[in-house]
Amino acid sequence: MSERLYSVIAKVMNIPISSIYDESGPESIENWTSFNGYVLLYELESEFKVKFTIDEAMDVKKISDIKRHLRNHGIVLDD
């Protein structure tokens, strides 16, 4: 698990880290509204010093998608 990534998600979504899994997404995280999705994108870009494209942002359906896009930007995750 990527503690750094999951801690950003937990903070934005106001949920415990222990409730976040690679398959988690807007359907399984109640607080994942469209607004919180934008906040999450901003926080991830700030935390990892990356800039997601519109296509990448629209492609996120679950946490594993975020991990894939971060890896594509050269971010090494500890999982």
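In this text the structure is predicted, and so the values were computed from the model without any measurement.

Engineer: Explain the packing of helix α1 (residues 3-13) against helix α2 (residues 34-48) to me, please; I cannot follow it from the model alone.
Structural biologist: In a packed pair of helices, the relevant descriptors are the angle between the two axes and the axis-to-axis distance. Between α1 and α2, whose axes approach to 10 Å, the crossing angle comes to 145 degrees. By crossing handedness, the relation of α1 to α2 is classed as right-handed. Contacts between α1 and α2 involve Arg4, Leu5, Val8, Ile9, Lys11, Val12 and Met13 from the former and Asn36, Gly37, Val39, Leu40, Glu43, Leu44, Glu47 and Phe48 from the latter. Of the residues in the contact of α1 with α2, the class split is nine nonpolar, two polar and four charged.

Engineer: What is the right way to look at the side chain of His69 in this model?
Structural biologist: By the element assignment, His69 lies in helix α4 (residues 63-72). A residue is classified by how much of its surface remains accessible, and His69, at 6% relative accessible area, is buried. Ignoring sequence-local partners within four residues, the contact set of His69 consists of Phe52, Glu56, Asp59 and Val60.

Engineer: How should the nonpolar core be read in this particular structure?
Structural biologist: Buried together is how nonpolar side chains tend to be arranged in soluble globular proteins. Among the nonpolar cores identified, the biggest contains 21 residues, and Leu5, Leu40 and Leu70 are the most heavily contacted of them. For this core, the leading source of residues is α1, giving seven residues. Contact partners of Leu40, with chain neighbours within four places excluded, come to Val8, Ile9, Val12, Met13, Trp32 and Ile66.

Engineer: I keep staring at α2 and nothing clicks. Help me out?
Structural biologist: The periodicity of an α-helix, 3.6 residues per turn, causes residues three or four places apart in sequence to face the same way. When the terminal C-alpha atoms of α2 are compared, their 21 Å separation across 15 residues agrees well with the 21 Å that a helix rising 1.5 Å per residue should span. When we look at burial in α2, the residues that qualify are Asn36, Leu40, Leu44, Glu45 and Phe48. The elements touched by buried residues of α2 are α1 and α4. Phi for Lys49, located one or two positions after α2, is positive at around 55 degrees.

Conventions used here
- Residues numbered from 1 in each chain as written.
- Predicted model: local features only at pLDDT ≥ 70, side-chain atom pairs only at ≥ 80, totals over all residues.
- Heavy atoms only, no water.
- Axes fitted to C-alpha atoms, helices over the stretch in contact; angles between N-to-C directions.
- Helix = DSSP H or I, 4+ residues; strand = E, 2+ residues; numbered from the N terminus.
- Left-handed = near helix turned anticlockwise from the far one by under 90°.
- Contact = heavy atoms within 4.5 Å.
- Nonpolar A, V, L, I, M, F, W, Y, C, P; charged D, E, K, R; others polar.
- Buried < 20%, exposed > 50% of the residue type's maximum accessible area, 1.4 Å probe, protein only.
- Core = buried A, V, L, I, M, F, W, Y, C linked by side-chain atoms within 4.5 Å.
- Expected span 1.5 Å × (residues − 1).

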